[in-house]
Amino acid sequence: MGQTMLEDPEVEFDSLVDEEQIEDITVIGAGPAGLFTVFSAGIQEAKCRVIDSMPQVGGQLTALYPEKIIYDVPGFPTVTAKDLVDRLHEQAMQFSPKIHLNETVVNVERLKHRVLQVTTSAGNLYYSRSVIIAAGIGAFSPRVPDEEVFATYGEEQGVYTAVRDKSRFKGRDVVILGGGDSAVDWVLGLAEEANSLAVVHRRNEFRAQGHSVAKMKELAAAGTVRVITPYNYKSIHTDASGHVCAVTVEDKSGEALELKCDRLLCLLGFKNDLGPIVEWDLRFEESSIKVDPDMQTNIPGVFAVGDIAAYPQKIKLILTGFADASIAVQNAIPYIRPGKKASHVFTSVRGLPSGGK
Ligand code: FAD
């Protein structure tokens, strides 16, 4: 963010950007705090967009502990992280927000006067009257065995870090790298589709649901799947067109195996990184953004909620993120509708605005 971000925005926005292109609120991050921000925006009848670097919504709950049981979300004596994300997603989608996954916000800049321009890693520019940062512990991105080498491979070369369309694996020779829930789930999910399927994990034990591991072992015993442990990725091989054609894996003694494959699926978990956010002109307290009681940062019209927001007595919990979201949206209203104050509404009294189902 440039220094201009700190200027008083109380000036008419110019005609540089078509009015239709401007959202009221852009939410950075679709973790629990971001999803509830989207819902809160809907209640206030604010046009909203949410952007996340991950292929799925849910933040830490999806990336780090989808099957764990959470005990401290009000109203749910117990709920798995995955189920909570599904409910939050359903609640947020009632207002049909624009949702952009697999895009990392790399910059936020104030255009002439009031409009904020949000730039993403995909090269897209989005315009907004306010921005709510719900970036948690940073942008998640899939781990790959070798950052430098894998930077040059993508789906076009047959290297995947998520399954978005199962049909791309149909009739293919698939190698999956990984030993967690998503690796095992996709062994089960692709066993029928693939021509051949091998899973490679660096340990003999898989860190996945016991019943799924048992099913995978049944498939291995039947010869449908090869389970190759304890082996590590060593190198990738490509054909003349640059498409993956094999992968070499090796065990601790250095014994190598070359596995034929035209689909390499890396399901090795995620890494997180605050990345470009720390370079914006925001006031930080350690790795969190300092906010006032209205959840506003030092930059007018830019708010922070959830794990990334720092204020006295902050506890980093899902439920505090929900409260932060509601407060931030209320206080974003004067930026969305200049001269208007946020009106507090009980949804039980007024119901949902017409956008909601
Ligand atoms: P996150 O969940 O971190 O989501 C942030 C999202 O922002 C991510 O999806 C990330 O990809 C995205 N993002 C970041 N930067 C960018 C960018 N520049 N561009 C685009 N996208 C970006 N809390 C509880 O209340 N109860 C529990 O039982 C509990 N158990 C936990 C167990 C574990 C193992 C862990 C790790 C945490 C647990 N927590 C628990 C904490 C809880 O998960 C967090 O408080 C919560 O996820 C914070 O939500 P958030 O939306 O603020 O951020």
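Residues numbered from 1 in each chain as written. Predicted model: local features only at pLDDT ≥ 70, side-chain atom pairs only at ≥ 80, totals over all residues. Heavy atoms only, no water.

Engineer: For this particular structure, what's the right way to read the overall build of the chain?
Structural biologist: A tally of helices and strands in the chain yields 8 helices and 22 strands. In terms of C-alpha radius of gyration, the chain reaches 23 Å, essentially the compact-globule figure of 21 Å for 357 residues. With respect to the principal axes defined by its C-alpha atoms, the chain has extents near 70 × 50 × 40 Å. Taken across its 357 residues, the chain has 47% of its residues classed as buried. (Helix = DSSP H or I, 4+ residues; strand = E, 2+ residues; numbered from the N terminus. Rg over C-alpha atoms; globule rule 2.2 N^0.38 Å. Buried < 20%, exposed > 50% of the residue type's maximum accessible area, 1.4 Å probe, protein only.)

Engineer: I'm lost on the site of the ligand in this one. Help?
Structural biologist: With respect to spatial proximity, 33 residues lie near the ligand, and among them Asp52, Tyr65, Asp72, Val105 and Asp307 are the closest. Tyrosine 65 places a polar side-chain atom, nitrogen or oxygen, 2.5 Å from an oxygen atom of the ligand. Here a nitrogen atom of the ligand and a side-chain polar atom of aspartate 72 are 2.8 Å apart. Computed on the free molecule, the ligand has an accessible area of 1000 Å², of which 86% lies beneath the protein chains in the complex. Most atoms of the ligand, that is more than half of them, are within 2 Å of grid points of the second largest pocket. Elements with a minimum of two residues in the shell around the ligand: helix 1 (32-43), helix 2 (59-63) and strand 9 (139-142). Looking at the shell around the ligand, its residues break down into 18 nonpolar, 10 polar and 5 charged. (Near = heavy atom within 4 Å. Polar contact = N/O pair within 3.5 Å; in protein donor to acceptor, adjacent residues only side chain to side chain. Areas by Shrake-Rupley, 256 points an atom, 1.4 Å probe, with all protein chains shown as cover. 1 Å grid on protein atoms, 1.4 Å probe; cavity = no way out; pocket = protein on both sides within 12 Å on 5 of 7 lines; lining within 4 Å. Sits in = over half its atoms within 2 Å of the grid points. Nonpolar A, V, L, I, M, F, W, Y, C, P; charged D, E, K, R; others polar.)

Engineer: It is not clear to me how the pairing of strand 1 (residues 22-28) should be interpreted in this structure. Could you clarify?
Structural biologist: Each regular strand carries side chains that alternate between the two faces of the sheet. In terms of residue burial, strand 1 counts as a mostly covered element, since 7 of its 7 residues are buried. The pairing of strand 1 with strand 8 (residues 125-133) spans 6 bridges and is classified as parallel. Bridging from a neighbouring strand, isoleucine 25 pairs with serine 130 of strand 8. For strand 1 and strand 2 (residues 48-51), the ladder comprises 4 bridges, and the chain directions are parallel. Across the sheet, threonine 26 pairs through a bridge with arginine 49, a residue of strand 2. Taken together, strand 1, helix 1 and strand 2 constitute a β-α-β crossover, and its handedness is right-handed. (Pairing = 2+ DSSP bridges. Right-handed = clockwise from strand over helix to strand, strands pointing away.)

Engineer: Is there a simple way to think about the nonpolar core in this case?
Structural biologist: In summary, soluble globular proteins display a tendency toward joint burial of nonpolar side chains. If you look at the biggest cluster of nonpolar residues, it comprises 59 residues, and the most contacted ones within it are Ile25 and Ile133. For isoleucine 133, the residues in contact, after removing those within four places along its chain, are Ile28, Ile277, Trp280, Leu282, Ile289, Val302, Phe303, Ala304, Val305 and Ile308. Of all hydrophobic cores here, the second largest spans 20 residues; its members include Ala191, Ala208, Met216 and Leu267. (Core = buried A, V, L, I, M, F, W, Y, C linked by side-chain atoms within 4.5 Å. Contact = heavy atoms within 4.5 Å.)

Engineer: Where do I start with helix 6 (residues 210-221) in this structure?
Structural biologist: The periodicity of an α-helix, 3.6 residues per turn, causes residues three or four places apart in sequence to face the same way. In this model, helix 6 (12 residues) spans 16 Å end to end at C-alpha, consistent with the 16 Å of a helix rising 1.5 Å per residue. Contact partners of the buried residues in helix 6: helix 5 (181-190), strand 12 (196-200) and strand 13 (226-228). (Expected span 1.5 Å × (residues − 1).)

Engineer: Looking at this structure, I do not really get the pattern of salt bridges. What am I missing?
Structural biologist: Note that side chains of opposite charge can pair when their charged atoms are close. Under the definition given, this model contains 10 salt bridges. A salt bridge links arginine 172 to aspartate 262; the shortest N-O distance between them is 3.3 Å. Residue arginine 172 is located in the loop between strand 10 (159-160) and strand 11 (173-177), and its partner aspartate 262 is located in the loop between strand 16 (256-260) and strand 17 (263-266); the two are separated by 90 residues in the primary sequence. Through salt bridges with shared partners, a single network forms among Glu19, Asp24 and Arg129. (Salt bridge = Lys/Arg side-chain N within 4 Å of Asp/Glu carboxyl O.)

Engineer: Mind showing me how you'd approach the environment of arginine 203 here?
Structural biologist: Considering the arrangement of structural elements, one finds arginine 203 in the loop between strand 12 and helix 6. Through-space distance from the C-alpha of arginine 203 to that of glycine 178 is 9.5 Å; in sequence the pair is 25 residues apart. In this structure, arginine 203 is in contact with Thr229 and Pro230, ignoring residues within four places of it in sequence.

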